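Chains, contacts and geometry: an overview
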Amino acid sequence: MGLLVLLSLALITAYFLESEEGGLHDAQSIAASALRPFQIGAERVARPFRDVYGYFAGLIHAKGEVERLKAELDELRQEVVGNEFAAEERDRLRAQLNYRGSPTFPRDFRQVSAEVIGQPSGKLDQEITVDAGKSQGVRTEDTVVTPQGLVGTVAWAARDSSLVRLITDESSGVSARVLRRDARGIVRPGGGASDSLVLERVTKDQPLRRGDTVVTAGWRSPEYRSLYPKGLKVGVVASVGQRDTESFKRIQVAPYVDFSSLDSVIVLVPRGR
Amino acid sequence: MLADGGKAAALLYLAAIVQAAVLNGASFLGGTPDLLLVTLAAVALLRGAIFGAVGGFCAGLVLDVATLQTLGLSSLLLTLAGYWIGRYGETTGRDRAHAPLLAVAVITILYAVAALAVRFVLGEYTDGSIVGDSVFPGVLLNALLAVPVFALGRRLFRAPDRVEGSAPVRLLG
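This report concerns the structure included in the present document. (Residues numbered from 1 in each chain as written. Chains lettered and ligands numbered in written order. Predicted model: local features only at pLDDT ≥ 70, side-chain atom pairs only at ≥ 80, totals over all residues. Heavy atoms only, no water.)

1. Quick notes on the overall build of chain A
Going by this rule: Numbering of helices and strands runs from the N terminus, with a helix taken as a DSSP run of H or I at least four residues long and a strand as a DSSP run of E at least two residues long. Throughout, exposure labels follow a simple rule: accessible area from a 1.4 Å probe, protein chains only, divided by the maximum for the residue type, with under 20% read as buried, over 50% as exposed, and the rest as partly exposed.
For chain A, the helix and strand inventory stands at two helices and 12 strands. When the helices and strands of chain A are read in sequence order from the N terminus, they spell out α-α-β-β-β-β-β-β-β-β-β-β-β-β. Expressed as lengths along the three principal axes of its C-alpha atoms, the size of chain A is roughly 65 × 50 × 40 Å. For chain A, buried positions account for 38% of its 273 residues.

2. Here we look at the side chain of A:Q119
What counts is decided by this rule: A contact between two residues is defined here by any heavy atoms of the two lying within 4.5 Å.
Note that A:Q119 resides in the loop between β1 (109–118) and β2 (127–130). You can call A:Q119 buried: its relative accessible area is 6%. The contact partners of A:Q119, leaving out residues within four places of it in the chain, are A:E127, A:I128, A:L262, B:A20, B:A21, B:V22, B:N24 and B:G25.

3. A closer look at the interface of chain A and chain B
Quick note on the threshold: For any pair of parts, buried area is found by adding up, for both, the accessible area (1.4 Å probe) each one loses once the two are put together. Counted as salt bridges are all cases of a side-chain nitrogen of Lys or Arg within 4 Å of a carboxyl oxygen of Asp or Glu. Residues adjacent in sequence count toward polar contacts only when both atoms are side-chain atoms; beyond that, a polar contact is any pair of N or O atoms within 3.5 Å, and within protein one must be able to donate a hydrogen and the other to accept it. Note on residue categories: nonpolar means Ala, Val, Leu, Ile, Met, Phe, Trp, Tyr, Cys or Pro, charged means Asp, Glu, Lys or Arg, and polar means any other residue, Gly included.
Taken residue by residue, the interface counts 41 residues in chain A and 40 residues in chain B. Here chain A and chain B share an interface that buries about 3,500 Å² over both sides, 72% of which is from carbon and sulfur atoms. The interface formed by chain A and chain B holds zero salt bridges in total. Connecting chain A to chain B are six residue pairs in polar contact (both at pLDDT 80 or more). Going through the elements one at a time, α1 (2–17), α2 (23–97), β1, β2 and β5 (162–166) of chain A are the ones with two or more residues in the side of chain A that touches chain B. Broken down by element, the residue count for the side of chain A that touches chain B peaks at 12 residues, all from α2(A). Residues belonging to the side of chain A that touches chain B are distributed by class as follows: 24 nonpolar, 11 polar and six charged.

4. Details of helix α1 (residues 2–21) of chain B
Applied cut-off: By this rule, a helix spans an expected 1.5 Å times one less than how many residues it contains.
Taking 1.5 Å as the rise per residue, α1(B) with 20 residues should run 28 Å; its terminal C-alpha atoms sit 28 Å apart, in good agreement. When we look at burial in α1(B), the residues that qualify are B:D4, B:A8, B:L11, B:L12, B:A15, B:A16, B:I17, B:Q19, B:A20 and B:A21.

5. So, the pattern of salt bridges
Side chains carrying opposite charge are able to pair once their charged atoms draw close together. A complete count under the given rule lists 15 salt bridges over all chains for this structure. Between A:D160 and A:R159 there is a salt bridge; the shortest N-O distance is 3.7 Å. For A:D160, a relative accessible area of 15% puts it in the buried group. Overall, the relative accessible area of 43% leaves A:R159 in the partly exposed class. Note that B:R87 and B:E90 form a salt bridge whose closest N and O atoms lie 2.9 Å from each other. Residue B:R87 and its partner B:E90 are located together in helix α4 (residues 73–90), separated by three residues, close to a single helical turn. On the basis of relative accessibility, which here comes to 32%, the residue B:E90 falls in the partly exposed class. Put simply, A:E43, A:R44, A:R47 and A:E115 are held in one network by salt bridges that share partners.

6. What about the sheet that holds strand β7 (residues 184–189) of chain A?
Cut-off, in case you're wondering: DSSP bridges decide pairing: two strands pair if at least two such bridges lie between them. Axis definition: a line fit to C-alpha positions, over the contact stretch in the case of helices; interaxial angles, taken between N-to-C directions, run 0 to 180 degrees.
The six strands are arranged β6-β7-β8-β11-β10-β9 (chain A) in a closed barrel whose pairing can be described as antiparallel. For this sheet, the mean angle separating the axes of adjacent strands, direction not counted, is 40 degrees.

7. Some thoughts on a nonpolar patch on the surface
To keep things clear, this is the line we draw: A patch consists of residues whose relative accessible area exceeds 30% and which take part in no salt bridge; residues with like charges are grouped when within 9 Å of each other, and nonpolar side chains (Val, Leu, Ile, Met, Phe, Trp, Tyr) when within 5 Å. Per-residue and other accessible areas were derived by the Shrake-Rupley procedure at a 1.4 Å probe size, with only the shown protein chains allowed to occlude residues.
A cluster of nonpolar side chains, A:Y53, B:F28, B:L29, B:L140 and B:L144, forms an exposed patch at the surface whose accessible area comes to about 540 Å². For B:L140, the location among the structural elements is in helix α6 (residues 128–156). Its relative accessible area of 45% is what places B:L140 among the partly exposed residues.

8. Some thoughts on unusual backbone geometry
In this structure, A:R201 takes a positive phi of about 65 degrees despite not being glycine. Its location among the elements puts A:R201 in the loop between β8 (197–200) and β9 (213–216). A positive phi angle is found at B:L68, which is not glycine, with a value near 55 degrees. Structurally, B:L68 can be placed in the loop between α3 (49–66) and α4.

9. Observations concerning the packing of aromatic side chains
To keep things clear, this is the line we draw: Centres within 6.5 Å are what make two rings of Phe, Tyr or Trp a pair, Trp counting through its six-membered ring; a difference in plane orientation under 30 degrees is then read as stacked, over 60 as edge-to-face, and the rest as tilted. Only when the NZ of Lys or the CZ of Arg is both within 6 Å of the ring centre and within 35 degrees of the ring normal is a charge said to sit over the ring.
Overall, the coordinates contain three aromatic pairs over all chains when judged by the stated rule. Seen from their ring centres, A:F38 and B:Y13 are 5.5 Å apart, and the 85 degrees between their planes marks the pair as edge-to-face. Separated into two different chains, A:F38 in helix α2 and B:Y13 in helix α1 make up a pair that spans both. On the accessibility criterion, A:F38 (45% relative accessible area) is partly exposed. A residue is classified by how much of its surface remains accessible, and B:Y13, at 28% relative accessible area, is partly exposed. Across from the ring centre of A:Y256, 5.7 Å away, lies the NZ or CZ of A:K233, which sits over that ring.

10. So, the pairing of β7(A)
All names here are of chain A. Two elements, strand β6 (residues 174–178) and β7, share four bridges in a ladder whose sense is antiparallel. Each residue of the ladder has a partner; that of S175, found in β7, is I186. Linking two consecutive strands that pair antiparallel, namely β6 and β7, is a turn of five residues; a positive phi of about 65 degrees is found at R180 within it. Pairing between β7 and β8: four bridges, direction antiparallel. Directly across from R188, in β8, lies its bridge partner V198.

What follows is the structure, encoded as structure tokens:
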């Protein structure tokens, strides 16, 4: 037993000391490729049962959800018309100015679809494993999304699978802005066991209200640029509060993505890589 | 012994894959069932401390590879868990009807605390309140899981035949 404990400690130490291109990481990558078919198989076998559970769990909230969605749909239909006019005018003005902005999705990225084959191993670990890796062009720090919104970034890309750090992970921070307002801040996990997010460092003079949409800022400077492309949906402002003793507002953001039921994701790989 | 090793390997491998791919993301009553830990407890109680330690080490490696986590971290925790449960089964818990449930309940709590301590030592994010909120639902879920897993374990790993009394003596002179 002592030998096994020493071997485990040696593995942990060596793993920490070496870089991502080291021998242990490579061995792990190869072994993960071998395990991948079994994980995919297990996930596919379990999916119908999870869907049934989710169906019955969802039925409980269905009626209230329908009313809320109907109201939201009406609002969004009105917005669509306004957005189409605004997009036309924007494209016309950009062409006139010869404007070159930050990378945006989908124009500057190709999509790599990936199935989720590993779930977070506890409430402290907010990382998932997906079945796309270096062989599909995925690299560390590539952005991961779903049609609903931003999921996170690739923390480590193995040969055929990748570890994705969710935006609900404690080490995550997303530079973001609030649509149609001038407010900018950093989206960070709200803390605790829930998937709520907070938008930090928004000054008190910024007028925000519940229901405002939060998207990635996608800023770019001569030396650095944001990890995330501009304009990816992050969430919606759930509550806005402030205290006299604090310099910034306290903004809770409800993410668009349901992190507890991720089945598949899209990895954004820059075109031309 | 070889046959038992093969069965334990297959069982723990399957449990590790299902845990990584399916159960890690499941949440019931605020907790997550740990099929791998319960299966390891069954193997260790039925086959002893060495089986438990080796099985825990190998299963931990499979889990770390499947979830692309730090290699050796789960191995360390599951080696200790498997050894402790095996020793309990060889001594105090031998032939006790309550041994499986008690072992699973205690090891669930100790495993959560040990995992938190290791994360703290490695400098990763730790929050005792999150773990504290989920550990007791986890104990309940693992105890429920223990019933079918131990039943399966008893069918796969028959109790070894014990020699009663001493062997007959042959006179030489």
